[in-house]
Amino acid sequence: LGYRLGMCFILLLWVCWDCVWGLVNNGHSTIGGRNAFPVFRACGGLLMLHWFWGLSVFVWTRNRVNYIFLFDLNPETVNSARSIFDDVVDETLVFLVLMLLYYKAGANSIPNWIPAGYFPALLVLYTLFCLIFPLKTRLPMWRTIFEVITSPLTSPTFFSSYVADVFTSMIKVFQDMAWTVCFIFSLDFLQLEDISRSTGHMWQHTLWYKNFLIPLICLLPLWIRFNQCLRKYLDTGKRFPNLANAFKYAMSQTVTLFGAFHPLYQMHRPPERGTVNWFQLGWLGLFVSSSLYSFVWDVFSDWGLGSLEHGFLAGRLMYGHRYYYYLAIVVDIVL
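Now for a look at the structure at hand. Please read all numbers here as calculations on a predicted model, not as lab measurements.

Digging into the overall build of the protein chain
Along its length, the protein chain carries twelve helices and zero strands. The order of α-helices and β-strands along the protein chain, N terminus first, is α-α-α-α-α-α-α-α-α-α-α-α. Among the 335 residues that make up the protein chain, the fraction classed as buried is 38%. When contacts within the protein chain are restricted to residue pairs at least 6 apart in sequence, long-range pairs at least 24 apart make up 69% of them.

Observations regarding the packing of helix 7 (residues 158-168) against helix 9 (residues 207-236)
Interaxial distance between helix 7 and helix 9 falls to 8 Å at its minimum, and their mutual angle equals 150°. On the basis of the axis angle, helix 7 is roughly antiparallel to helix 9. The two elements helix 7 and helix 9 cross, and the hand of that crossing is left-handed. Listed contacts from helix 9 to Ser160, Ser161, Ala164, Asp165, Phe167 and Thr168 of helix 7 are Pro221, Leu222, Ile224, Arg225 and Gln228.

Notes on the pattern of salt bridges
On inspection of all chains with the given rule, the structure shows eight salt bridges. A salt bridge links Asp90 to Arg4; its shortest N-O distance comes to 2.7 Å. Highlighted residues: Asp90 in helix 4 (residues 81-106) and Arg4 in helix 1 (residues 2-26), separated in sequence by 86 residues. Of the residues examined, Asp90 reaches a relative accessible area of 33% and is grouped as partly exposed. A relative accessible area of 21% means that Arg4 is categorised as partly exposed. Residue Arg225 is joined to Asp165 by a salt bridge in which the shortest nitrogen-to-oxygen separation is 3.1 Å. With a gap of 60 residues between them, Arg225 in helix 9 and Asp165 in helix 7 connect regions that are remote in the sequence.

Structural notes on unusual backbone geometry
A cis amide bond links Phe133 to the next residue, Pro134, at an omega of 0°. Within the secondary structure, Pro134 is located in the loop between helix 5 (118-132) and helix 6 (135-149). Following Ser151, the chain continues into Pro152 via a peptide bond in cis, with omega recorded as 10°. Counting through the fold element by element, Pro152 comes out in the loop between helix 6 and helix 7. Backbone geometry places Leu187, a non-glycine residue, at a positive phi of 60°. Relative to the helices and strands, Leu187 resides in the loop between helix 8 (171-185) and helix 9. Of note, the phi angle at Phe312 is positive, near 65°, even though the residue is not glycine.

Looking at the nonpolar core
The biggest cluster of nonpolar side chains holds 64 residues, and the ones touching the most others in it are Phe40, Trp60, Phe95, Phe167, Phe183 and Leu305. Element by element, the count of residues in this core is highest for helix 4, at 14 residues. Core analysis: the next-biggest nonpolar cluster, separate from the first, contains five residues, Leu222, Phe226, Cys229 and Tyr249 among them.

Considerations on the packing of aromatic side chains
Applying the stated rule across the entire model yields 25 aromatic pairs. Each ring, one from Trp53 and one from Trp60, has its centre 5.7 Å from the other, and the planes form 80°; the classification is edge-to-face. Residue Trp53 is classed as partly exposed on the basis of its relative accessible area of 25%. Since its relative accessible area comes to 13%, Trp60 is described here as buried. Taking 6.5 Å as the distance between ring centres and 10° as the angle between the ring planes, the aromatic pair formed by Tyr293 and Trp297 counts as stacked. Of this pair, Tyr293 and Trp297 both sit in helix 11 (residues 278-302), four residues apart, roughly one helical turn. Residue classification places Trp297 among the buried positions, given a relative accessible area of 8%.

So, the packing of helix 5 against helix 6
A pair of packed helices is characterised by two quantities: the angle between their axes and the separation of those axes. For the pair helix 5 and helix 6, interaxial distance at closest approach is 7 Å and the crossing angle is 90°. Comparing their axes, helix 6 and helix 5 come out roughly perpendicular. For the pair formed by helix 5 and helix 6, the contact residues are Cys130, Leu131 and Ile132 on the first element and Leu135, Arg138, Met141 and Trp142 on the second. Each residue belonging to the contact of helix 5 with helix 6 can be placed in one class, and the counts come to six nonpolar, no polar and one charged.

What counts, and at which threshold
Within each chain, residue numbers correspond to sequence positions counted from 1 in written order. Given that this is a predicted model, residues contribute local features only at a pLDDT of at least 70 and side-chain atom pairs are listed and counted only at 80 or more, while totals for whole chains, interfaces and linings are drawn from all residues. Processing note: side-chain calculations cover all non-hydrogen atoms of the structure and skip hydrogens and water entirely. A run of H or I in DSSP becomes a helix once it reaches four residues, and a run of E becomes a strand once it reaches two; helices and strands are each numbered from the N terminus. Think of it in three bands: residues with accessible area under 20% of the maximum for their type are buried, residues over 50% are exposed, and the middle band is partly exposed, with areas taken using a 1.4 Å probe on protein chains only. It only takes one pair of heavy atoms within 4.5 Å for two residues to be counted as in contact. In this analysis, axes come from line fits to C-alpha atoms, helices being fitted only over the stretch in contact, and the angle between any two N-to-C directions falls in the range 0 to 180 degrees. Angle categories: roughly parallel below 35 degrees, roughly antiparallel above 145, roughly perpendicular from 65 to 115, and oblique for all the rest. Take the far helix as the reference: if the near one is turned anticlockwise from it by less than a right angle, the crossing is left-handed, and if turned clockwise, right-handed. By convention in these notes, a salt bridge is any Lys or Arg side-chain nitrogen within 4 Å of a carboxyl oxygen on Asp or Glu. In this description, a nonpolar core means a group of buried Ala, Val, Leu, Ile, Met, Phe, Trp, Tyr and Cys residues linked to one another through side-chain atoms lying within 4.5 Å. Working definition: a ring pair exists when centres of Phe, Tyr or Trp rings (six-membered ring for Trp) sit within 6.5 Å. Plane angles under 30 degrees give stacked, over 60 give edge-to-face, the rest tilted. Nonpolar residues are Ala, Val, Leu, Ile, Met, Phe, Trp, Tyr, Cys and Pro. Charged residues are Asp, Glu, Lys and Arg, and all others, Gly as well, are polar.

By themselves, these figures tell us nothing about what the structure is for.
Printed below as a string of structure tokens:
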């Protein structure tokens with residue numbers, strides 16, 4: 001594992017060097033500005049999720065948190081932190097190698113035996129393979145995702161609520177995944193690339209993509225979590241915290257809708273010079289209110305912190321170092 005981690009570190013330095021060299025030479029990133037970079041961003045987002053899951057399992061195991069019991073998981077299908085890191089290091093190696101080959105092929109730094117667009121397509125196939133196999137551990141994952149998507153038809157468990165919360169933080173990854181699907185099925189990966197110019201994709205400028213698909217992707221995770229809260233209220237009959245939590249996601253959906261359709265509003269009603277843009281002010285006020293409401297709910301309700309008697313934390317802490325909690329609070333308000 002250590003040897004492969006070293007290889008990942010060297011490849012990562014190589015990728016960073018190419019990005020820095022592009023900024024110095026051309027004023028823009030030579031990798032980030034490529035046609036198929038959203039494909040690598042989507043697969044990289046899933047890869048980061050795998051890394052963070054392994055890190056979470058490591059922290060939980062080290063601090064003796066019985067996450068298998070809390071999440072009601074089958075012990076026979078749960079991998080240890082070491083096993084997760086073994087898999088994710090191999091996936092990272094493939095990801096970085098394909099990214100470098102894609103960049104070098106487009107820059108004509110290697111023989112053009114394989115068109116540059118084939119490398120992101122290979123990465124998509126490899127990512128799909130990793131999402132399906134091994135079936136022993138992937139089938140429970142897909143069952144949980146199905147339960148999350150079909151809410152409120154099914155009663156949400158603690159683990160399905162946890163997964164839905166993770167989905168609300170993966171909106172950008174889902175957008176890149178949608179871009180990747182369009183990129184592959186439109187056969188744009190077969191187009192010849194030149195690093196000095198960036199060819200456009202007609203479908204990403206269409207009305208259905210910009211004003212329907214992308215806003216729907218932004219809303220769907222919040223809508224799922226909203227439905228879970230309502231289903232929890234129907235199952236338990238408790239207004240608090242279920243309806244209050246649902247209100248948090250309702251506010252977030254409203255902010256997303258305002259942001260999604262704001263360009264259309266400006267297109268038909270351009271603001272006059274010297275007048276107050278009430279639409280913009282309303283969206284800003286709603287955005288600030290929603291962010292503060294979510295922050296207060298996360299700290300006081302979800303995490304059980306905020307006690308002034310215990311330094312804005314709680315009387316009983318699961319982790320030994322208090323600064324972990326303060327760091328989490330700061331990161332939550334920033335993000």
